[in-house]
Amino acid sequence: MAQPAAFAKMNGLGNEIIVADMRGRGDRVLPAAAVALAADPATRFDQIMAIHDPRVGGTDYHVEILNADGSAAQACGNGMRCVVQALAAETGRRSFVFATAAGILEAREHEDGLISVDMGRPRFGWQEIPLAEEFRDTRMIELQVGPIDAPVLHSPSVVSMGNPHAVFWVEDDVNAYDLARFGPLLEHHPMFPERANITIARVTARDAMTIRTWERGAGLTRACGSAACAAAVSGARTGRTDRQVTVTVPGGPLEIAWREDDHVVMTGPAEWEFSGRFDPETGAWERDTEGAA
Ligand SMILES: N[C@@H](CCC[C@H](N)C(=O)O)C(=O)O
C-alpha cells in the first residue's frame, strides 16, 4: 500500500480522464491501479494523467499517461486540457510547459475557459509511426477490413502525433460503421507493432469533419484529441481540407489548427466532475467529502 494521492475525475468532451497529483513523491501510478480504477463504474476512465515534478529545465511539470488497460500512452490531447484546467484552478496561472513522452508541450487556458494545447509536430515516416513495413507515402497505405473485393474500410492515412494513428476516410455517416468490432482488429493489426488508435473520418466541408475513434488501450471513446489532430493533419495532407478545421467528435467540436510552423494546436473545453484520493499501487480510492477544504 502506498501513500494516497489526490485525484480529480474530469472529462474533455466526454473523454474520461483522471488527473492524478503525483508531485512531491518518487513513485508512479502502477498499471494495476489503472486497471482497478477503470473497472470501477464510478472511476471508469480512458486515460490517467499523472502530474509529476519537473525533470527537465524550462518545464513546469512532467506528465505520465496511462490507458485504461494499464499501458502507457505518449500523448493525450483531451487529458492535457484537463491537466491545464486543474493546475490553472490551483495556481491561478494560465499557461504551462509540460514534458511528456511525446516531447515538450505548451498549453494555455483562455479568458473564456477554453484551453489550447500545442500538440507538437506530426510525424509521417513509416518507422516513426511505427508501421511494420515500409510505405514511402503514408497519406494512404494498403490496409483493409472486410471482403477483399468489397472492403468495409480501407486505405487509411497514418500519422504519429507522438502516438500512432490510422484514419479511415468514409463518404457516409461515421456511425454506420461497427467500430466496436473493427476497432480492436485494427488496433492489434500486425501492421502496427505498437498498436494504433483507429479513427473513421468524414469530411463535410473544407473546414469541417466528423470522426469517431477506437482508442488504443481504452476502446470506443466520446472524444480523442490526438485523433482529432491526426485526422485534421491527414485531411490537409491529402487535399481534403484546409489546415484549420472543426473536428466534431461524439462529445462535441474541437478546433484544430495545423500552423505554418508545423505545430498542431488543439482548442476545446475541460470539465471537473469530482475529487478524491487513491492508492497509486492498488487503485483503492475514496471520494472527497463534499464541501471539504
Ligand atoms: N484520449 C487521448 C488519446 C489517448 C492515447 C491513446 N489511447 C494511445 O494509447 O495512444 C487524446 O485525447 O488524445
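Residues numbered from 1 in each chain as written. Predicted model: local features only at pLDDT ≥ 70, side-chain atom pairs only at ≥ 80, totals over all residues. Heavy atoms only, no water.

**Observations regarding the overall build of the protein**
Part 1 of the reasoning: A tally of helices and strands in the protein yields 4 helices and 20 strands.
Part 2 of the reasoning: Over its C-alpha atoms the protein spans a radius of gyration of 19 Å, differing by no more than 12% from the 19 Å that the globule rule assigns to 293 residues.
Part 3 of the reasoning: Dimensions of the protein, computed from C-alpha atoms along their principal axes, come out at roughly 60 × 35 × 35 Å.
Part 4 of the reasoning: Put simply, of all contacts in the protein between residues at least 6 apart along the chain, 61% involve residues at least 24 apart.
Part 5 of the reasoning: Counting only carbon and sulfur atoms, one obtains 50% of the accessible surface of the protein, whose full area is about 12,600 Å². (Helix = DSSP H or I, 4+ residues; strand = E, 2+ residues; numbered from the N terminus. Rg over C-alpha atoms; globule rule 2.2 N^0.38 Å. Contact = heavy atoms within 4.5 Å. Areas by Shrake-Rupley, 256 points an atom, 1.4 Å probe, with all protein chains shown as cover.)

**A few points about the site of the ligand**
Part 1 of the reasoning: Taken together, 15 residues form the shell around the ligand, and within it Asn15, Glu215, Arg216, Gly225 and Ser226 come nearest.
Part 2 of the reasoning: With respect to the ligand, the side chain of Gln47 contributes an N or O atom lying 2.9 Å from a nitrogen atom.
Part 3 of the reasoning: In this structure, an oxygen atom belonging to the ligand sits 2.9 Å away from a side-chain N or O atom of Asn163.
Part 4 of the reasoning: In this structure, the ligand is accommodated by the largest cavity.
Part 5 of the reasoning: At the level of elements, helix 2 (77-91) and helix 4 (225-237) are the ones that each hand at least two residues to the shell around the ligand.
Part 6 of the reasoning: Class assignment for the residues of the shell around the ligand results in 4 nonpolar, 9 polar and 2 charged. (Near = heavy atom within 4 Å. Polar contact = N/O pair within 3.5 Å; in protein donor to acceptor, adjacent residues only side chain to side chain. 1 Å grid on protein atoms, 1.4 Å probe; cavity = no way out; pocket = protein on both sides within 12 Å on 5 of 7 lines; lining within 4 Å. Sits in = over half its atoms within 2 Å of the grid points. Nonpolar A, V, L, I, M, F, W, Y, C, P; charged D, E, K, R; others polar.)

**Things to note about the packing of aromatic side chains**
Part 1 of the reasoning: In the structure shown here, the tally under the stated rule is 8 aromatic pairs.
Part 2 of the reasoning: On the basis of an interplanar angle of 80° and a centroid distance of 6.1 Å, the ring pair of Phe7 and Phe274 is categorised as edge-to-face. A residue pair is termed long-range when its members are at least 10 positions apart, and Phe7 in strand 1 (residues 5-12) and Phe274 in strand 19 (residues 271-278) qualify at 267 residues.
Part 3 of the reasoning: Given a relative accessible area of 10%, Phe274 falls into the buried group.
Part 4 of the reasoning: Grouped by ring-pair contacts, the aromatic residues Phe7, Phe274, Phe278 and Trp285 constitute a single cluster. (Phe/Tyr/Trp six-rings, centres within 6.5 Å; stacked < 30°, edge-to-face > 60°. Buried < 20%, exposed > 50% of the residue type's maximum accessible area, 1.4 Å probe, protein only.)

**Regarding empty space enclosed by the protein**
Part 1 of the reasoning: Taken as a whole, this structure holds 1 cavity of 30 Å³ or more when the rule is applied.
Part 2 of the reasoning: For the largest cavity, the calculated volume is near 90 Å³.
Part 3 of the reasoning: Split into classes, the residues belonging to the lining of the largest cavity amount to 4 nonpolar, 8 polar and 2 charged. (Points joined across faces, edges and corners; volume = space filled by probe spheres on them.)

**Considering helix 2**
Part 1 of the reasoning: Over its 15 residues, helix 2 runs 21 Å from end to end, which matches the ideal 21 Å to within 8%, given 1.5 Å per residue.
Part 2 of the reasoning: Summarising burial for helix 2: 11 of the 15 residues are buried, a large majority.
Part 3 of the reasoning: Turning to helix 2, its buried residues are Gly77, Asn78, Gly79, Met80, Arg81, Cys82, Val83, Val84, Gln85, Leu87 and Ala88. (Expected span 1.5 Å × (residues − 1).)

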